[in-house]
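# What the coordinates show
Next come the chains, spelled out residue by residue.
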Amino acid sequence: MSAEGRQNNFNLWSTIGINYSTIGTPLSVGTYLAFNIGVGGSPVYIFGYILATVFQMFICVSLAEMAGAYPHSTGQVFWTSVFAPPRYSRVLSYWVGAFTSAAWFFWTVGTYLFAAQLVLAMATIGDPSFEYQQYQVYLCYLGAALFAVLLNTYLFRGYSLAMRAMMLVVNGGAITVFIVLLVRASPKRSAHTVFVEFVNATGWTSDGFVFLLGCLPGITAVNGFDSSAHIADEIPDPARQVPKVMIGTSALASLSGLPMAIIFMLCVVNEDNLLAPIGGQPIAQLFYDSCASTSLSLLLMFIYVFVFFIACGALTTTFSRVLWSLAMERHVMIGSWLSKLRGRRELPENAVYFAALLACLIGLLCLGPTTALNAILGSAAICFFCSYMVPIVCLLINRDPLRQMGSTMNLGIWGVVVNSLALAWMVLMSVVLVFPQYLPVNTSNMNYTIAVLGCVAFVYGLNWIFYARKHYRDPKNAASGGDLHSNGGARVSPA
């Protein structure tokens, strides 16, 4: 089946649910506690989050403006094709597609791994004598992947309905965590400790640089803005709905994550315990210490496990749609198989299976210390930045297509300012995130992000040489030929 005339599998609320579930900021921000222990401490965790989310919103708004004019399931790949100089549009859109698929792949892998670790941390709270092995982490990882596949195939009807309530579920879970910690944690840390006491155990002499290193949690907690763009074929009126979802969910996530970041820092009862936490998850240790109750700790951990398993499904939804939409443009060698739609709902089941299989294979390499998870999330962040920077640069150079088409999210004269701030932030943080968090560098604390990015460039470079150079279709040209896979045509006229 082709993409043309596909069924609307999602509406506005289920799309919001998917987008919100991929980040789950009010809860997921708590799982990044390990990244700031010694890297600025509590003040960086909070103020770094604020700085990161403000600039991340500039990125979101810049992308939403393009989505409001050109809704398309390849998202930033298509926008690059539209705004780039014709001479370079094909090669630039190819590499944006490479970084887009890599970003969603790394984020999916990281979420599977988080889900697995949270399950075992919950088991450890229930039975303190339990000491898990690495193979058990991988088994739980496989379980998360299997659950994600089932949600996106056999259980899809119920899944799409459940997504409509996920914003309420995530925020309700966050409120529960907030109240329990506020009531049970004793003694709470002082305001000076939470907001002022800077901790630099990294070995870097510049506190300003350490502050930037500590922005990774904020970047990861509010990201993946293109999620809703990749299901443009499956929602009605995408030119209006996609920008609404992008900006609405990201703004809500940014605002709801801040009080949770503060309450987590306020309710750290024993900071030393976070260095060797239960099940390797500092959030589990924080619950155990603060609640002083196994039952309450298990309740809060169950909320986390449930939300993260749903997030596994949402990430797989988006990653599979990225693979499918790029396969439609003959981006990779197995594109003809990946692009097939199956069943009454016309689901990209082959892409779902391949997304989960690829994540399971790479998951074997990710079972290690926190630095391994840092490399995964750092690589995801930089790949997202690379996929966002190219269309934004092209937009800054040539805004004519936007003026000609119009957008349901028109920034007007502020467009250049917002685009420039977003670009400056991404360039800065792309450099910062390849540096190691701790000095001196050794095999256990090395930042492997640059090596991972090198692998991405190598794999997609080979794919370009041996396949895509001859077969890859510029999405803009394919769309103009009547093969646009965006619900309802190239766009919907703005109001």
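Looking only at helices and strands, one finds 21 helices and two strands in the protein chain. Here the C-alpha atoms of the protein chain give a radius of gyration of 22 Å, agreeing with the 23 Å that 2.2 N^0.38 yields for 495 residues. Expressed along its principal axes, the backbone C-alpha trace of the protein chain runs to roughly 65 × 45 × 45 Å. The burial tally for the protein chain puts 61% of its 495 residues in the buried class. Pairs at least 24 residues apart make up 84% of the contacts formed inside the protein chain by residues separated by at least 6 positions. For the protein chain, the accessible area works out to roughly 18100 Å², and carbon and sulfur atoms hold 67% of it. When the 23 positive and 19 negative side-chain charges of the protein chain are each reduced to one mean point, those points stand 11 Å apart.

This part is about a nonpolar patch on the surface. Residues Met-333, Ile-334, Trp-337, Phe-458, Val-459, Leu-462, Ile-465 and Phe-466 make up a contiguous nonpolar surface patch of about 820 Å² in total accessible area. The biggest single contributor to the nonpolar patch is helix H20 (residues 449-471), with five residues. Accessibility expressed as a relative area gives 62% for Phe-466, which makes it exposed.

A word on the confidence of the model for the protein chain. Confidence in the prediction of the protein chain, expressed as mean pLDDT, is 90, and 94% of residues score 70 or more. Within the protein chain, helix H21 (residues 475-483) has the poorest average pLDDT of any element, 63, and helix H19 (residues 415-432) the best, 97. Predicted confidence is poor over residues 481-495, with pLDDT under 50, and the contacts of this stretch with residues over four places away or in other chains come to 48 contacts.

Bringing unusual backbone geometry into the picture now. Note: most residues except glycine have negative phi, and most peptide bonds are trans. In this structure, Pro-187 follows Ser-186 across a cis peptide bond, with omega equal to -5 degrees. With respect to the helices, strands and loops of the structure, Pro-187 is situated in the loop between helix H8 (166-184) and helix H9 (191-195). Cis rather than trans, the peptide bond between Leu-439 and Pro-440 has omega equal to -5 degrees. One can find Pro-440 in the loop between H19 and H20. You will see that Ala-292, though not glycine, has its phi angle at about 50 degrees, which is positive. Relative to the helices and strands, Ala-292 is located in the loop between helix H13 (282-291) and helix H14 (294-328). You will see that Arg-330, though not glycine, has its phi angle at about 60 degrees, which is positive. Mapped onto the elements, Arg-330 comes out in the loop between H14 and helix H15 (335-338).

This part covers the packing of H8 against helix H12 (residues 238-266). In the contact formed by H8 and H12, the axes pass within 10 Å of each other and the chain directions differ by 20 degrees. Classified by the interaxial angle, the pair formed by H8 and H12 is roughly parallel. For the pair H8 and H12, the sense of crossing is left-handed. Facing Met-167, Asn-171, Ala-174, Val-177, Phe-178, Leu-181 and Leu-182 of H8, the residues of H12 in contact are Leu-252, Ser-256, Pro-259, Met-260, Ile-263 and Phe-264.

It is worth spelling out H20 at this point. At Trp-464, H20 shows its strongest bend, of approximately 60 degrees. Every buried residue belonging to H20 is among Thr-449, Leu-453, Val-456, Tyr-460, Gly-461, Asn-463, Trp-464, Tyr-467 and Ala-468, and all of these are buried.

Attention now moves to the packing of aromatic side chains. For the coordinates displayed, the defined rule picks out 30 aromatic pairs. On the basis of an interplanar angle of 85 degrees and a centroid distance of 5.4 Å, the ring pair of Tyr-94 and Trp-95 is categorised as edge-to-face. On the accessibility criterion, Trp-95 (24% relative accessible area) is partly exposed. A centroid spacing of 5.9 Å and a plane angle of 80 degrees characterise the contact between Trp-204 and Phe-435, whose relative ring orientation is edge-to-face. Residue Trp-204 is found in the loop between strand S2 (199-200) and helix H10 (207-213), and its partner Phe-435 is found in the loop between H19 and H20; the two are separated by 231 residues along the sequence. According to the relative accessible area criterion, Phe-435 is partly exposed, its value standing at 33%. An aromatic cluster is defined as three or more aromatic residues linked by ring pairs; in this entry it consists of Tyr-94, Trp-95, Phe-99, Tyr-460, Trp-464 and Tyr-472.

Let's shift gears to the nonpolar core. Grouped together as the largest cluster of nonpolar side chains are 161 residues, with contacts concentrated most on Phe-264 and Phe-287. With 20 residues, helix H5 (residues 89-126) is the largest single contributor of residues to this core. Excluding residues that lie within four positions of it along the chain, Phe-287 makes contacts with Val-177, Leu-181, Phe-264, Ala-292, Ser-297, Leu-300, Met-301 and Tyr-304.

Right, let's talk about the environment of Cys-394 for a bit. Among the secondary structure elements, Cys-394 is positioned in helix H17 (residues 370-397). Assessed through its relative accessible area of 6%, Cys-394 is described here as buried. The sequence separation of Cys-394 and Val-82 amounts to 312 residues, and the corresponding C-alpha distance is 8.8 Å.

In this section: helix H4 (residues 76-83). An α-helical turn contains 3.6 residues, so any two residues separated by three or four positions project in the same direction. Of all eight residues that make up H4, eight are buried, and the element is covered over most of its length. When we look at burial in H4, the residues that qualify are Gln-76, Val-77, Phe-78, Trp-79, Thr-80, Ser-81, Val-82 and Phe-83.

Let's shift gears to the pattern of salt bridges. When the charged atoms of two side chains lie near each other, side chains of opposite charge can form a pair. Summed over the entire model, instances satisfying the criterion amount to six salt bridges. With its nearest N and O atoms 3.5 Å apart, the salt bridge here joins Glu-329 to Arg-473. Taken together, the residues span a long stretch of sequence, with Glu-329 in the loop between H14 and H15 and Arg-473 in the loop between H20 and H21 at a distance of 144 residues. Its relative accessible area of 1% is what places Glu-329 among the buried residues.

What follows covers the packing of H4 against H5. Put simply, H4 and H5 touch, their axes get as near as 8 Å, and they point 160 degrees apart. Put simply, H4 runs roughly antiparallel to H5. Here H4 and H5 pass one another in a crossing that is right-handed. Across the interface between the two elements, Gln-76, Val-77, Thr-80 and Ser-81 of H4 pack against Ser-89, Leu-92, Ser-93, Val-96, Gly-97 and Thr-100 of H5. Tallied by class, residues from the contact of H4 with H5 come to three nonpolar, seven polar and no charged.

Rules used throughout
Residues numbered from 1 in each chain as written. Predicted model: local features only at pLDDT ≥ 70, side-chain atom pairs only at ≥ 80, totals over all residues. Heavy atoms only, no water. Helix = DSSP H or I, 4+ residues; strand = E, 2+ residues; numbered from the N terminus. Rg over C-alpha atoms; globule rule 2.2 N^0.38 Å. Buried < 20%, exposed > 50% of the residue type's maximum accessible area, 1.4 Å probe, protein only. Contact = heavy atoms within 4.5 Å. Areas by Shrake-Rupley, 256 points an atom, 1.4 Å probe, with all protein chains shown as cover. Lys, Arg positive; Asp, Glu negative; His and termini not counted. Charge placed at Lys NZ, Arg CZ, Asp CG, Glu CD. Patch = residues over 30% accessible without salt bridge, like charges linked within 9 Å, V, L, I, M, F, W, Y side chains within 5 Å. Salt bridge = Lys/Arg side-chain N within 4 Å of Asp/Glu carboxyl O. pLDDT = per-residue confidence, 0-100. Axes fitted to C-alpha atoms, helices over the stretch in contact; angles between N-to-C directions. Parallel < 35°, antiparallel > 145°, perpendicular 65-115°, else oblique. Left-handed = near helix turned anticlockwise from the far one by under 90°. Bend = angle between axes of the 7 residues up to and from the residue. Phe/Tyr/Trp six-rings, centres within 6.5 Å; stacked < 30°, edge-to-face > 60°. Core = buried A, V, L, I, M, F, W, Y, C linked by side-chain atoms within 4.5 Å. Nonpolar A, V, L, I, M, F, W, Y, C, P; charged D, E, K, R; others polar.

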